[in-house]
Amino acid sequence: MLDTLIKGGTIIDGLGGPGRLGDIGIRDGFIVELSESISTEAGEILDASGAIVTPGFVDIHTHYDGQVSWDEEMNPSASHGVTSVVMGNCGVGFAPVPPGGERDLIEVMEGVEDIPGTALYEGIEWGKWETFPEYLDYIASRKFALNIGAQIPHAAVRNYVMGQRGRDNEAATQDDLDKMARIVSEGLSAGAVGFSTSRTIGHRSTHGHSIPGTFAAEEEIMTLARAMTASGKGVFELIPAGCIGDLEQLGGEHRTIDQELDLMVRISKETDRPVTFTMLQHGEQTEAWKDILDRVSAANQDGAQLFPQVACRPIGLVSNLKTYHLFQRRETFLKLKELPFDQLVAEMRKPEVRAAILSDEDITPDLPGTMDNLYSVFKFGASQLFEIEDPIDYEPTQEKSFQSRADAKGQDIEDFMYDFLIQDAGSRFAIMLGANFYDFNHDAIHDMLSHPETVTGLSDAGAHVTLIFDGVAPTYQMTHWSRDRTRGKKIPLEFIVQKQSHKNAELYGLHDRGSLEIGKRADINVIDFDRLKLGGLEVHADLPAGGKRILQPASGYIATYVNGVKTRENDKDTGARPGQLLRS
């Protein structure tokens, strides 16, 4: 007898082939039958007629490293068909941590990933672990709605071994290298799915300092990479210097993207391990990504295993009165910001308050590395700033930008933005579309996503909680790229499903899931594809210490199964928590 029988759906198995009508039988958490028609009795039968049936999605770029301590449902991922996540990206995380040393790691995470430090202080069960293996055991002791894999973060390792010297990015001694390599080896042996590092000066702590490991010498990087060789497992994840431009405003990157590519080729060839890295279209060299892909293809033909990690849409920075906006550091606004929100909006509607805020100077934040410093970005990026409409237009034309609209009205951009933010009781959202949108279309993204050597990632789910909402990427990829896009080529649904399930699972060695095949884990989505859509943005104050985050719900997920257990039904959490720690 089967536990569950999914009948009559269009099976898109994640292997890239065309969808086909069929049934899927689940028993003890595994797919045990898969055919055109199954007659075996089952405890539950789900009629999937008219729906698509896909593997659960695998999101390889998340930052739930702290959230695993206070949350079980794991949103935004769980609401968007994700059944397995990989965290510990960008070189940041919370293990290993010396006793009483949480502050240093929090300041790095808050600065890089925009997760409120107060939530991390209050929500994480500090003291439950010190080493990385102990951290994995802690995760394994908890219950979740999805599966979780963790990478070893370079910043935490360097901080643990070198202390202040590591945080100051001093050169590592041989003794330091030996200790760090041992930590990486022990972490992989305990089940880490990879190791991560960041080499861009754009990643800074709340104090404005480049995070530990940013300037690590090649000797250090190679020593840690070689620690992966003996284990024969794990992915090397890297944020290369130059991936978002030269960053001259921060002093300039210390290496070029070409030098970083040379290093990544060396890592992969010498260790025989896959390397995945962030690749975006940036404003300084809008065609550079094409050269990167050409170099990756040539290197892979010569024995490397490089997997550029690409986004499915522009990197968008959200602006709203409850989150970040141009006026957040104006003296008059700062005096009003603690008012109840409806009173704040009422005050901002007064002509004298409007005039004061518009004429005020900005008060520079005390901490240069926090996201509070974003206020100026929304002015200088006005040509890339767009209204989030209903329905949301994710590929707007240039004429819809705030700068173009302000110019058409003969209005100063600050006046325009102020009036926009206070409309509809302060509920309006705008988004600044930067990386991947410098041509004002998605053609570059289309070519990146379609390339056979790339993997889809960069959702940053769990991070940038009031700034970026790309944790909805799995839903967005299917609706936009396979159904709704009007301004260019689409991408077949079967390809998108394969990209965000089987290919990501294979990269991280999750060979027991990621496709719909007999013997695989029953991580499955049943989706009403015709009805699948993203809802409006919502600001929730549900983080520890009352921290806020932006969520965007989806509708159209009939059911999601994790290890054979139904975790979501008709877009709602069932309360089931069958998720497991994914050990390599």
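Refer to the preceding data block for the structure.
Read on for an overview of the structure.

Thresholds, definitions, all that
Residues numbered from 1 in each chain as written. Predicted model: local features only at pLDDT ≥ 70, side-chain atom pairs only at ≥ 80, totals over all residues. Heavy atoms only, no water. Pairing = 2+ DSSP bridges. Helix = DSSP H or I, 4+ residues; strand = E, 2+ residues; numbered from the N terminus. Axes fitted to C-alpha atoms, helices over the stretch in contact; angles between N-to-C directions. Buried < 20%, exposed > 50% of the residue type's maximum accessible area, 1.4 Å probe, protein only. Polar contact = N/O pair within 3.5 Å; in protein donor to acceptor, adjacent residues only side chain to side chain. Contact = heavy atoms within 4.5 Å. Expected span 1.5 Å × (residues − 1). Salt bridge = Lys/Arg side-chain N within 4 Å of Asp/Glu carboxyl O. Phe/Tyr/Trp six-rings, centres within 6.5 Å; stacked < 30°, edge-to-face > 60°. Core = buried A, V, L, I, M, F, W, Y, C linked by side-chain atoms within 4.5 Å. Parallel < 35°, antiparallel > 145°, perpendicular 65-115°, else oblique. Nonpolar A, V, L, I, M, F, W, Y, C, P; charged D, E, K, R; others polar.

**Notes on the sheet that holds strand β13 (residues 316-319)**
So, step 1. Spatially, β13-β15-β14 is the arrangement adopted by the three strands of the open sheet, whose pairing is antiparallel. Single-partner strands in this sheet number two, and they are β13 and β14 (385-387). In this sheet, adjacent strand axes meet at a mean angle of 30° when their direction is disregarded.

**Focus: helix α15 (residues 413-421)**
So, step 1. Of all nine residues that make up α15, seven are buried, and the element is covered over most of its length.
So, step 2. Of the residues making up α15, those classed as buried are Ile 413, Glu 414, Phe 416, Met 417, Tyr 418, Phe 420 and Leu 421.
So, step 3. With a side-chain oxygen lying 2.9 Å from the backbone nitrogen of Glu 414, the N-terminal cap of α15 falls on Asp 412.

**Quick word on the environment of Gly 191**
So, step 1. Mapped onto the elements of the fold, Gly 191 is located in the loop between α6 (174-190) and β9 (194-198).
So, step 2. Along the chain, Gly 191 and Lys 7 lie 184 residues apart, while their C-alpha atoms are 36 Å from each other.
So, step 3. Apart from the residues lying within four places of it in its own chain, the contact partners of Gly 191 are Leu 136, Leu 582, Arg 583 and Ser 584.

**A few points about helix α17 (residues 473-484)**
So, step 1. For α17, which comprises 12 residues, the first-to-last C-alpha distance of 15 Å sits more than 12% below the rise-based estimate of 16 Å (1.5 Å per residue).
So, step 2. Among the 12 residues of α17, 10 are classified as buried, and the element is accordingly described as predominantly covered.

**So, the pattern of salt bridges**
Side chains that carry opposite charge are capable of pairing whenever their charged atoms lie near each other.
So, step 1. Enumeration according to the criterion identifies 44 salt bridges in this entry.
So, step 2. Between Glu 517 and Lys 520 there is a salt bridge, with its nearest N and O atoms 3.1 Å apart.
So, step 3. Arg 577 is the salt-bridge partner of Asp 573, the closest N and O atoms lying 2.9 Å from each other.
So, step 4. Under the relative-accessibility criterion, Asp 573 is labelled partly exposed at 29%.

**A few points about the packing of aromatic side chains**
So, step 1. Within the structure shown, the criterion is met by 13 aromatic pairs.
So, step 2. On the basis of an interplanar angle of 85° and a centroid distance of 5.9 Å, the ring pair of Phe 386 and Phe 437 is categorised as edge-to-face. In this pair, Phe 386 is assigned in strand β14 and Phe 437 in the loop between β15 (430-433) and α16 (443-450), connecting sequence segments 51 residues apart. With respect to burial, Phe 386 and Phe 437 carry one shared label: buried.
So, step 3. Connected via pairs of aromatic rings, a cluster forms that spans Phe 94, Trp 126, Trp 129, Phe 132, Tyr 135 and Tyr 138.

**Some points on the nonpolar core**
So, step 1. The biggest cluster of nonpolar side chains holds 111 residues, and the ones touching the most others in it are Val 68, Phe 94, Trp 129, Phe 236, Ile 267, Leu 306 and Met 478.
So, step 2. Beyond its immediate chain neighbours, meaning those up to four positions away, Val 68 contacts Met 74, Met 87, Tyr 135, Ile 139, Arg 142, Phe 144 and Ile 148.
So, step 3. Core analysis: the second largest hydrophobic core is formed by 31 residues, Leu 336, Met 348, Val 353 and Ala 382 among them.

**Concerning the side chain of Thr 332**
So, step 1. On the secondary structure map, Thr 332 appears in helix α10 (residues 331-336).
So, step 2. For Thr 332, a relative accessible area of 17% gives the class buried.
So, step 3. A distance of 2.6 Å separates a polar atom in the side chain of Thr 332 from a polar atom in the side chain of Asp 360.
So, step 4. Excluding residues within four positions of it along the chain, Thr 332 makes contact with Val 353, Ala 356, Ile 357 and Asp 360.

**Looking at the packing of helix α11 (residues 341-349) against helix α12 (residues 351-359)**
Each pair of packed helices can be described by the angle between their axes along with the distance between the axes.
So, step 1. Axis separation between α11 and α12 bottoms out at 5 Å; the angle between their running directions is 85°. Classified by the interaxial angle, the pair formed by α11 and α12 is roughly perpendicular. Note on element contacts: α12 touches α11 through Pro 351, Val 353, Arg 354 and Ile 357, opposite Glu 347, Met 348 and Arg 349.
So, step 2. Across the contact of α11 with α12, the residue classes break down as four nonpolar, no polar and three charged.

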